[in-house]
Structure formats: structure tokens, C-alpha cells
Amino acid sequence: MSVYDERLEKLQRDAARKRRLESMLGELRAQRSELEARVSELEAIKLQEQEDVERLESGGITALFYSLVGKGEEKLTEERREAAAAALKYESAARELDSVMSDIAGCESELAGLSGCEREYEETLQAKSREVKASGGAAAAKLLELEARAAACVGRKKEILE
């Protein structure tokens, strides 16, 4: 019987791990959606800031205006700083998204290895039950009594629901 007991314990742990992973996977997928939106938003901001820098560097009307009022270099420095900050925020969010994607892949991989553990648990439990019944003795009698009581409870539940 100890072979069954050890196997049942392992399968029970596997089923519990599977439930935790499924929950974690749901949370990670929600995080991924939020991060994808954030990365997209930050990329647009980064591109806009870079365009501002390029406009000032290209010597257009805006650059001419700031140079006439004596603030050309100051404005260019400010725009470069804003562009660098936007790029850092974007890169940080993109790295975080990559990390979440990696975590999702890991969870999915581990879940694939745990597929069918609940079914295997039930099959192992039934095999143990058959062996206990076949062995006779007090354990077999107790098991048969518990099965009869469980069947009676199922019958009562069905009656109540009707």
C-alpha cells in the first residue's frame, strides 16, 4: 500500500502545483496585456520626443525662433533630456514585458508537464481501492462501508435537489 500512498501524495502535490500555476498564469497574462499597452504608449512618446529633437537639430522654424530669442541650445538640451528619459522609460517597460513573457513561457512549460495529474490521481486512488477490497480484512470492510455511505449521501442530495 505504501507504493500507492507515495504516488498519491506526489500526484496530490502535482495537482496543487498545477492549480497554483494556472492562477499565476492568469495573473501573468493580465500583466502582459497591461504592459503591452504601456510599451506601445511609451514607444509613441519616445518617438515624439525624438522628433522634437530632430526638428530643433534640423534648423527649421522652431529652431530659428529659439535661436533668435537666445534659447536655442537650452531648448535643444532640454528636448534631448526629455527624449533620453522617454527612451529609458520605454526600454524599462519593454524589459519588464520580456520578463513577463519569459515567466509565461515557463509556467506554460511546467503546466504541460503536469497535464493529466488529476486523472492519474483518480486512477491511482481507484487502483488502491480495488487492492484494499481484494485483500479483505478490516480495511476492506471499512472502505466498503464508507463507499455505501457516500452513495447514500449522493442519493439524498439528488432527492433534495429534485
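Residues numbered from 1 in each chain as written. Predicted model: local features only at pLDDT ≥ 70, side-chain atom pairs only at ≥ 80, totals over all residues. Heavy atoms only, no water.

### Considering the pattern of salt bridges
Note the cut-off: Counted as salt bridges are all cases of a side-chain nitrogen of Lys or Arg within 4 Å of a carboxyl oxygen of Asp or Glu. Strands here mean DSSP runs of E at least two residues long; helices mean DSSP runs of H or I at least four residues long; both are numbered from the N terminus.
Tallied over the full model, the rule gives eight salt bridges. The shortest N-O distance in the salt bridge between E123 and R119 comes to 3.3 Å. Of the two residues, E123 and R119 are both situated in helix α4 (residues 117-135); the distance of four residues between them amounts to about one turn of the helix.

### Concerning the environment of Q31
Heads up, the rule is: Categorising residues by exposure relies on relative accessible area from a 1.4 Å probe, with only protein chains included: less than 20% of the type maximum marks a residue as buried, more than 50% marks it as exposed, and the intermediate range marks it as partly exposed.
Structurally, Q31 can be placed in helix α1 (residues 2-58). Relative accessible area serves as the criterion here: at 38%, Q31 is assigned to the partly exposed category.

### Points about the side chain of S129
Stated precisely, the cut-off is as follows: By definition, residues are in contact when any of their heavy atoms lie within 4.5 Å.
Following the sequence through the fold, S129 ends up in helix α4. With residues near it in sequence (within four places) discarded, S129 still touches L143 and E147.

### Concerning α4
Residues spaced three or four apart along an α-helix point in a common direction, a consequence of the helix completing one turn every 3.6 residues. As a reminder, the rule being used: Take the residue count of a helix, subtract one, and multiply by 1.5 Å to get its expected span.
Its 19 residues place the ends of α4 27 Å apart at the C-alpha level, agreeing with the 27 Å of an ideal helix rising 1.5 Å per residue. Phi for G136, located one or two positions after α4, is positive at around 70°.

### A closer look at the nonpolar core
As a reminder, the rule being used: Buried Ala, Val, Leu, Ile, Met, Phe, Trp, Tyr and Cys residues that are joined via side-chain atoms within 4.5 Å together make up what is termed a nonpolar core.
If you look at the biggest cluster of nonpolar residues, it comprises 14 residues, and the most contacted ones within it are L21, L25, L28, V39, V100, I104 and C107. Only α1 and α3 (72-114) provide two or more residues apiece to this core. The element that contributes the greatest number of residues to this core is α3, accounting for eight residues. Non-local contacts of C107, meaning those with residues more than four positions away in its chain, are made with L21, M24, L25 and L28. Listed in part, the five residues of the second largest apolar core include L8, L11, A15 and Y121.

### So, the confidence of the model for the protein
Applicable threshold: Each residue carries a pLDDT score, the predictor's own confidence in it, on a scale running from 0 to 100.
Per-residue confidence for the protein gives a mean pLDDT of 87; residues scoring 70 or more make up 90%. Least confident of the elements in the protein is helix α2 (residues 61-68), whose mean pLDDT is 58; most confident is α3, at 93.

### Describing the environment of R7
If you trace the backbone, R7 turns up in helix α1. Look at R7 and you get partly exposed, because its relative accessible area is 31%. The sequence separation of R7 and A87 amounts to 80 residues, and the corresponding C-alpha distance is 53 Å. The contact partners of R7, leaving out residues within four places of it in the chain, are E120 and T124.

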